[in-house]
Amino acid sequence: MRYQGREVDVEGRVRLVMESALTARDRVGVQDFVLLENYNSEAAFIENLRRRFRENLIYTYIGSVLVSVNPYKELEIYSKQQMERYRGVSFYEISPHVYAISDNTYRAMKTERKDQCILISGESGAGKTEASKKILLYYAVTCPTNDRMETLGNRLLQSNPVLEAFGNAKTLRNDNSSRFGKYMDIQFDFKGAPIGGHILNYLLEKSRVVHQNHGERNFHIFYQLLDGADDDLLSTLNLERNPQSYRYLVKGNCPRVSSISDKNNWKVVTKALDVIGFSTEEVQELLDIIASVLHLGNTLFGEGEEGETYITTETQLSWLAKLLRVDGSALKEALTHKKLTAKGEEMISPLSFEQAVSARDALAKAVYGRTFNWLVEKINRSLAIKDEIYHSGKGSSVIGLLDIYGFEVLQHNSFEQFCINYCNEKLQQLFIELTLRSEQEEYETEGIAWEPVQYFDNKIICDLIEEKHKGIISILDEECLRPGETCDASFLEKLEDTVGGHPHFVTHKLANGKTRRVMSREEFRLLHYAGEVNYNVSGFLDKNNDLLNRNLKEVMCQSDNQILSCCFRREEVIDQKRPEMAASQFKNSLMRLMEILRSKEPSYVRCIKPNDAKQPGRFDEVLVRHQVKYLGLMENLRVRRAGFAYRRRFEAFLQRYKPLCPETWPSWQGKLVDGVSTLVNHLGYKAEEFKLGRSKIFIRFPKTLFTTEDALEAKKPEIALILQKSWRGYREWAKYQRIRHAVIVIQSGWRGMKARRRANRRRHAAELIRRFIKGFIYRQEEYCPENEYFLDHVRCSFLKKLSKNLPRSVLDKSWPTAPPSVVEASEHLQTLHMRNMVIKYCRRVQPEWKKQMMQKVVASELFKDQKELYPQTVGRLFLDSRLEREQISLKVLQTLGSEKVQYGVNVVKYDRRGFKPRARQLLLLNTFAVLVDRTKIKQRIDYSTLRGISVSSHRDGMVVLHVPCEDSKQKGDAVLHCSHVIELVTKLSMLASKTNYVNISPGSIRFAITRSKEGIIDFIRGSELKVAKGKRGHLLVTTPQIAAT
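Given the structure is predicted, the values throughout are model-derived calculations rather than measurements.

> Explain the sheet that holds strand β18 (residues 531-536) to me, and be specific about the residues and the numbers.
Strand order in the open sheet formed by 3 strands is β16-β17-β18, with antiparallel pairing between adjacent strands. One side of each edge strand has no neighbouring strand; the edge strands of this open sheet are β16 (505-507) and β18. In this sheet, neighbouring strand axes are inclined to one another by 25° on average, regardless of whether the strands run parallel or antiparallel. Bridge analysis of strand β17 (residues 523-528) against β18 gives 6 bridges, and the strand direction is antiparallel. Its bridge partner lying in β18, E523 is registered against N536.

Structural data, given as structure tokens:
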């Protein structure tokens, strides 16, 4: 959304985008040359260009004219965001840009419903083609569109690479130089959407097809085809990849250019042809023609003994006929002979060698030139308006885009430069005429008196070139048509005779001695508006004639190639009228172009190249001064500054400078003209410094504007302070209002919520009490709706109480008393809780303690309530061994080998005969036990053969290990006494897995002495433990009595 010179972004912030660059003029120069104080100084003009170029500010205005300096590098100023920045903004409100002139032209076309045009000029390499691309891209992106219009926009954009491929070439000054002039009309509907387009081309440099200067190339398409086409296509066209194989491509000796990728450009061109709408057949025929030009250049001639000319390259000729789709013999005849008509009779005359070469080159130029014209027409058909409503032109508007060669002054200037510079003379004449007219119209519209402007009127030069019967073009045509021997020298002589007295025409013969030293005898000089140019007349007549032999035309008219059949029509052969000369054709097309441009409102882009080396950052002052001169920029500036340097609408001027006057700040409520008048009176403007029009203020001197701008800069801190104070006050007041409103809303909401909560709590409490009382009454009944709440409450209360009074240890057997309704659940919970505590306890037990516990459990199972000695051992830990490793004989350990001793203890063994006590060590291993006497193993008892373990129920330490008597290795049961009998028996029974074989006898213990003899151990009570041989050969063990408790 935009209004009154302001731009509003999506956040709603308003920012003024007026001429802010004025404040930085000392560093980057002025963005409009009209504001130069010394506007008559060319040095000041160029210095301003230099300053801006140094800061990468490549665009500058001269009023409504845009001056563009080629930066020779990519600048980040062409993004979509930049396009949106310039879209719909007044022309002078932001910094100069090609998008600004594009948008201003588009808005003028849309609002005034009047056709517009943009004229882009400058010398080769100045950036004309790039400027036209940027303008087309701006319209393609910013204009309203739909699917069909998007297709049209794509075709408009894709027409550029096609026309560049066929019409651009590498020259000494520019790697991508346009060798033709182009005028493009873009048609828009009433909504401002593009609906069609049309292209006119001017003066294609056809001579480049057959000849290039050293360091230059032929047209791009030849190199793109050779480098980018696949092998199958080249084979079909009988072409090689090496450009040096073709005579039309070797003369410039520059087959490759570092800044150009022919291979990539070939892909771009083929894609563009598809987008524009070329069929496969049309593309193939087009490539056949391009290949035929290369083959034509390689067609060579020989000269016979009698002077006749013949073709020496029959293979090339056959391929040429195949590609052109003509009869080979007819083509051969046409290239070596010419047809003459005299007194109604036709005669065939052989061509000389030079004439045959010229005929071949003329055919190549004609084929390529006419194909280029057909290509432009094909593109025009794809861009043509499809809707009938717009065909009359009443419902549509047009923006024209003229991209044409600038004024050229080369080392050697010929016919082409003459035509180009003539074109620039006409454009300069039109430019001055339209600029003066627009200035005069603006003055008259605003009611300001028009002051006549002194300027150089180049009509005298235009008349010198184009005047009927007396102009250079007329003389050139007349010389070409004159019977008899004519040559370039005779043309120059006729010029001297006819226009020799003209002040803007000089030849070697007419010049003074000083001028003669720098001019050759084949040259004439024209004093153009942009400077003096010497033209060499060599080739003028041939290039102006531009004739193709009649029999060559006849052959080409019979071609089966559809493109060539359109380019060479049979009417040309039948029509006996001599075709128009090249210069006259160009003059007439230029006249039509002038009529087109006069019918439109013009805008101008003047392109300048800063150096010849194409280096970024380099500014060649001599070269730039030369271009400033021949582009007529100083002349344009003088016309623009003849009256008032600065003009601006009242609202824009008042909006920017109103802070400088107390009466207009912060806003003016009256008429705009009165506000501006009050402001300038307060600023002290003198009467000769300004004029007030009907809607604009006109300021004569830039100094007046700069003084006003400096005053505004000095005022800005004060304005900023006022704005800051006002903004802070408003911000705090707004913040207070928001907080106050928020507090009220929160308070009212909170009070309401509290009241609702209180009412809900009371309602809920009454309902609970009612249900509780009813449940208490029916508490003895089965579970039903009347008592469900009460019973649930009882259960819940019990569970809460239980959760706080759960037993903490497995030894704690307490449990809260459960109500009748949850007794069963309480019992289940008690069991689950106990299991859970046991599991948790077991998980916390360390492996050593687990082993100890397991042994204690086994001991409990074996000896609890069975042996009197057991209670005393409950609190004592079982040890891993009662013997240190050092106490066991090393020899015994070696004998045991890899078997590990699991437990060892000192015991007393009683012999079978006499029961004599013997000190022994009992060692328990994994699979057997051994009795050791110092260093000798006395007895080995395998666990698998152990028949039982017998102990008494008394307080003694006697233990009997029962072994099979049948085993000859055994010496009978082992009768042992151990101080740690509980520990020993527990470990032995666990290792041997014989816990069920442990026998605790309350009376005597029987044991086997030998296979057939049995012994008995008797136990009696006594004061102390004693083991001795008793009566009848029994072993008598006295056990201590149990102490009285």
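This is not the end of the story, as more comes after the structure.
> Account for the side chain of S953, with residues named and values stated.
Within the secondary structure, S953 sits in the loop between β27 (948-952) and β28 (958-962). Not counting chain neighbours up to four residues away, the residues in contact with S953 comprise Q866, K867, E868, I1000, S1001 and P1002.

> I'd like to hear about the sheet that holds strand β25 (residues 928-933), residue by residue, with values.
One open sheet accounts for 8 strands, arranged β26-β25-β24-β23-β29-β28-β27-β30; its pairing is mixed. The open sheet terminates on both sides in strands that have one partner only, identified here as β26 (936-942) and β30 (998-1001). Averaged over neighbouring strand pairs, the angle between their axes works out to 30° when direction is ignored. Pairing between strand β24 (residues 917-924) and β25: 4 bridges, direction antiparallel. Across the sheet, residue L923 finds its bridge partner in β25, namely V930.

> So what about a negative patch on the surface? Which residues, and what values?
On the surface, E303, E305, E306, E308 and E354 cluster together into a patch of negative charge. Structurally, the position occupied by E308 is in the loop between β11 (301-303) and β12 (309-311). Overall, E308 belongs to the partly exposed group, its relative accessible area being 36%.

> Requested: an account of the domain arrangement of the protein chain, with residues and values cited.
Accessible area lost upon the coming together of the parts serves often as the stated size of an interface. You can read the domains of the protein chain as domain 1 (443-586), domain 2 (647-759), domain 3 (793-844) and domain 4 (855-1003). Here the C-alpha centre of domain 2 lies 63 Å away from the C-alpha centre of domain 1. If you look at the interface, domain 1 gives 7 residues, while domain 2 gives 9 residues. Here domain 1 and domain 2 share 0 salt bridges between them. Seen at the junction of domain 1 and domain 2, the total is 0 residue pairs in polar contact (both at pLDDT 80 or more). Each residue belonging to the side of domain 1 that touches domain 2 can be placed in one class, and the counts come to 2 nonpolar, 2 polar and 3 charged.

> Now, about the pairing of strand β29 (residues 974-977): what can you tell me, with residues and values included?
Burial of β29 is two-sided: the residues A974 and L976 facing one way and the residues V975 and H977 facing the other way are all buried. As paired elements, strand β23 (residues 903-910) and β29 share 2 bridges and run antiparallel to each other. Residue V908 lies in a different strand from β29, and its bridge partner there is H977. Alignment of β28 against β29, held across 4 bridges, turns out to be antiparallel. What sits directly across from L961, in β29, is A974.

> Outline the side chain of T142, listing residues and values.
Of note, T142 is situated in helix α5 (residues 128-142). Within the structure, the side chain of T142 is placed 2.6 Å from the backbone oxygen of Y138, a separation counted as a polar contact.

> Tell me about the pattern of salt bridges, and name the residues and values.
Under the definition given, this model contains 38 salt bridges. R1021 serves as the salt-bridge partner of E868, at 2.5 Å between the closest nitrogen and oxygen. Of this pair, E868 sits in the loop between α32 (847-863) and α33 (870-874) while R1021 sits in strand β32 (residues 1014-1022), placing them 153 residues apart in sequence. The exposure class assigned to R1021 is partly exposed, which follows from its relative accessible area of 39%. In the salt-bridge network here, residues are joined through shared partners; they are E42, E47, R50, R51, E621 and R625.

> Give me the packing of α32 against helix α35 (residues 981-991): which residues, what numbers.
A packed helix pair is summarised by two numbers, namely the angle formed by the two axes and the spacing between the axes. Interaxial distance between α32 and α35 falls to 10 Å at its minimum, and their mutual angle equals 105°. Classified by the angle between their axes, α32 and α35 sit roughly perpendicular to one another. Residues M854, Q855, V858, A859, L862 and F863 of α32 form the contact with α35, whose participating residues are I982, V985, T986, K987, S989 and M990. For the contact of α32 with α35, the residue count by class is 8 nonpolar, 3 polar and 1 charged.

Each value, and the rule that gives it
Within each chain, residue numbers correspond to sequence positions counted from 1 in written order. Selection of residues for local features in this predicted model requires a pLDDT of at least 70, selection of side-chain atom pairs for listing and counting requires 80 or more, and totals for whole chains, interfaces and linings are taken over all residues. Neither water nor hydrogens contribute to the side-chain values; these are computed over all heavy atoms in the structure. A pair of strands counts as paired when DSSP detects no fewer than two bridges linking them. For helices the rule is a DSSP run of H or I covering at least 4 residues; for strands it is a run of E covering at least 2, with both sets numbered from the N terminus onward. In this analysis, axes come from line fits to C-alpha atoms, helices being fitted only over the stretch in contact, and the angle between any two N-to-C directions falls in the range 0 to 180 degrees. Whether two residues are in contact is decided by their heavy atoms, any of which lying within 4.5 Å being enough. Candidates for patches are residues over 30% relative accessible area with no salt bridge; among them, like charges are joined within 9 Å and nonpolar side chains (Val, Leu, Ile, Met, Phe, Trp, Tyr) within 5 Å. Areas reported as accessible are Shrake-Rupley estimates using a 1.4 Å probe. Residue values count occlusion only from the protein chains shown. Salt bridges are identified by distance alone: a Lys or Arg side-chain nitrogen within 4 Å of an Asp or Glu carboxyl oxygen. Neither His nor the chain ends is counted toward charge; the positive residues are Lys and Arg and the negative residues Asp and Glu. The atoms used to mark charge sites are NZ of Lys, CZ of Arg, CG of Asp and CD of Glu. We call a residue buried when its accessible area falls under 20% of the maximum for its residue type, exposed when it is over 50%, and partly exposed in between, using a 1.4 Å probe and counting protein chains only. Domain ranges listed in this record stem from an automatic or a database domain assignment. Nitrogen and oxygen atoms within 3.5 Å of one another constitute a polar contact, given that in protein one can donate a hydrogen and the other can accept it, and given that sequence-neighbouring residues count only through two side-chain atoms. Charged means Asp, Glu, Lys or Arg here, nonpolar means Ala, Val, Leu, Ile, Met, Phe, Trp, Tyr, Cys or Pro, and polar covers whatever is left, Gly included. Should an angle fall under 35 degrees it is called roughly parallel, over 145 degrees roughly antiparallel, and 65 to 115 degrees roughly perpendicular, with every other angle called oblique.

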